[in-house]
Amino acid sequence: MPELPEVETTLRGISKEILNKEIRSFVCRDGKLRWPIPKNMASFLKNKTFVSAIRRGKYIILYLDKGAILIHLGMSGKLRVFKGTVAPKKHEHWDICFKDGWILRYTDTRKFGALLSTKSDPFAHKLIKFLGPEPLGNSFNGDYLFKKSRKRTLPIKSFIMDSKVVTGVGNIYANEALFMAGIRPTKKSGVISKSKYEDLSAAISLTLKEAIEAGGTTLKDYSNADEAPGYFKKELKVYDRGGEACLNCKKKLKEIRQSNRATVYCVNCQN
Ligand SMILES: [Zn+2]
């Protein structure tokens, strides 16, 4: 599943070939994604130009002169850009075609992704406006998490995966950051100290930054006519390593389920 680093890497990988170019057409082969693609998407985009592109949480926002489109990759969505004519394969649901011959193509086997439009400020859109601060932004720090968590009883892992608390921290990086900060994922968020929250906010930023850097090596794969790049491999210390040895203390890592998601931690290193 694409997490924040994949979304950021995708955005960087496609930006160069889609900005400041006039759009010739939008081709929809299957509009039944998580929400239906708006019926007027073709007329909304025709002859327009993307003037800038940003990521907010796990959403890609492509700004037009007026309005914007929002893209979410869902569980299995991928984007790529290429020049020329390449017959679409199964699961390649839509294309945005530019007048200079380049195409932005979306693939999604599980169809939980989204493509939506807005005529006004995308930050006022109902999917965006309630999102918490960016984990790599200036307003995200230990003090913020500490204040936000007082009197909260939910487990710390669920707390940092709540997009209203901080946006874009998915299951993989929640596991990794809690290991790095030495905090047990089941601990109640309201009893964790301010200094531990400082460790945790730093761990979240660092794990995401490292993954984005690792993904940077795959940037060239985003302009490939045949296939979108796979999600890149990350060096993970606990996620998907249940039952294996802790890299710190060699004790066996424990795996449990929290909110139906896999949680892996070290009973010795995380308290
Ligand atoms: Zn350990």
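Each value, and the rule that gives it
Residues numbered from 1 in each chain as written. Predicted model: local features only at pLDDT ≥ 70, side-chain atom pairs only at ≥ 80, totals over all residues. Heavy atoms only, no water. Pairing = 2+ DSSP bridges. Helix = DSSP H or I, 4+ residues; strand = E, 2+ residues; numbered from the N terminus. Axes fitted to C-alpha atoms, helices over the stretch in contact; angles between N-to-C directions. Contact = heavy atoms within 4.5 Å. Donors = N, O, S within 2.8 Å, 3.2 Å for Na, K, Ca; no water. Tetrahedral: all angles 85-135°; square planar, octahedral: opposite > 155°, others 65-115°.

> I'd like a rundown of the sheet that holds strand S5 (residues 77-83), residues and numbers included.
One open sheet holds the four strands; their spatial order is S1-S6-S7-S5, and the pairing between them is antiparallel. The open sheet is flanked by strand S1 (23-28) and S5, the only strands paired with a single partner. Ignoring strand direction, the axes of neighbouring strands in this sheet form an average angle of 15 degrees. Note that S5 and strand S7 (residues 102-108) share seven bridges and pair antiparallel. Bridged to Phe 82 within S7 is Ile 103. Packing of helix H1 (residues 4-18) onto the sheet brings it into contact with S5, strand S6 (92-98) and S7, and relative to S5 it is tilted by some 30 degrees.

> Describe the coordination of the zinc ion, and please don't skip the residues or the numbers.
Only Cys 246 (SG), Cys 249 (SG), Cys 266 (SG) and Cys 269 (SG) from the protein reach the zinc ion as donors, at distances of 2.2 to 2.4 Å. Viewed at the metal, the four donor atoms of the zinc ion are separated by angles of 102 to 113 degrees, and the geometry they form is tetrahedral. Motif for the zinc ion, donor spacing along one chain: C-x2-C-x16-C-x2-C. Of this pair, Cys 246 sits in the loop between helix H6 (194-216) and strand S9 (254-258) while Cys 269 is found in the segment after strand S10 (261-265), placing the two residues 23 residues apart along the sequence.

Purely geometric stuff here, so don't read any function into it on its own.
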